[in-house]
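Now for the letters of each chain:
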Amino acid sequence: MRKVVLGLGISLDGYIARPDGAVDFLFMPKDYSMGPFFATVDEAIMGRKTYEVGLKLGGGLRSPSRRWRCTFSLTRMPQETRRRSPSSTNPRKLSLRSFGKRSGKNIWLMGGGELARDFLKDDLVDELYIGIVPVLIRRRHPALPSGFPQREFTLLENKTFSKGMIALKYARTRKKPKRKM
């Protein structure tokens, strides 16, 4: 079964961008590669703001390697004010309608704390893949804004790289329903 993996690069204090939206503090040490992660996904879901930042950086709906594609860009903007046509579907409907029926690799939930919060609120995140860089940002764009109930995760992997970067991988711990006798 396909998993939704929240994959983020964050500062040591839990932020995904500087107050002005810049992500220049996120770096890739020479001994680290996103290749193994990219090999596990073939679709991505991103928020409208992340999608627009990707377009400005030269990205778009496909990865450079063409191994995965951005199937959905979600937004809260009313239809009449959108410049493109991102979906305003809520995460639960999107997940049940689209991803539950398709075969393929995992789905990368990328960028945007609000989007992450909505997926966590609806308990749709199966794994976390977080790269932590040793920089303190202090404010504005938290990776995980408040507004979702407590969720339990189990550590699957913990790797340390040069320049102090750490990569963590967690799996969602869900209690199995009790069988009635």
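Everything below is about the structure shown above.
Values in this document were obtained by computation on a predicted structure and should not be read as measured data. (Residues numbered from 1 in each chain as written. Predicted model: local features only at pLDDT ≥ 70, side-chain atom pairs only at ≥ 80, totals over all residues. Heavy atoms only, no water.)

## Quick notes on the overall build of the protein chain
Next, step 1: Looking only at helices and strands, the protein chain features four helices and nine strands.
Next, step 2: Reading the secondary structure of the protein chain in the N-to-C direction produces β-β-α-β-α-β-α-β-α-β-β-β-β.
Next, step 3: When each of the 181 residues of the protein chain is scored for burial, the buried share is 39%.
Next, step 4: A separation threshold of at least 6 residues defines the contact pool for the protein chain, and within that pool the share at least 24 residues apart is 78%.
Next, step 5: A total of about 11,300 Å² of accessible surface is found on the protein chain, and carbon and sulfur atoms cover 54% of it. (Helix = DSSP H or I, 4+ residues; strand = E, 2+ residues; numbered from the N terminus. Buried < 20%, exposed > 50% of the residue type's maximum accessible area, 1.4 Å probe, protein only. Contact = heavy atoms within 4.5 Å. Areas by Shrake-Rupley, 256 points an atom, 1.4 Å probe, with all protein chains shown as cover.)

## Describing helix α4 (residues 113–121)
Next, step 1: Counting buried residues along α4, seven of its nine residues qualify, which places the element largely inside the surrounding structure.
Next, step 2: Within α4, burial applies to G113, L115, A116, R117, D118, F119 and L120.
Next, step 3: Two residues or fewer past α4, D123 is found with a positive phi of approximately 55°.

## Observations concerning the side chain of E127
Next, step 1: Mapped onto the secondary structure, E127 falls in strand β6 (residues 127–133).
Next, step 2: Of the residues examined, E127 reaches a relative accessible area of 7% and is grouped as buried.
Next, step 3: A distance of 3.1 Å separates polar atoms of two side chains, one belonging to E127 and the other to K3.
Next, step 4: Once you skip the residues sitting within four places of it in the chain, E127 turns out to touch K3, V4, V5, L6, L156, K169, Y170 and A171. (Polar contact = N/O pair within 3.5 Å; in protein donor to acceptor, adjacent residues only side chain to side chain.)

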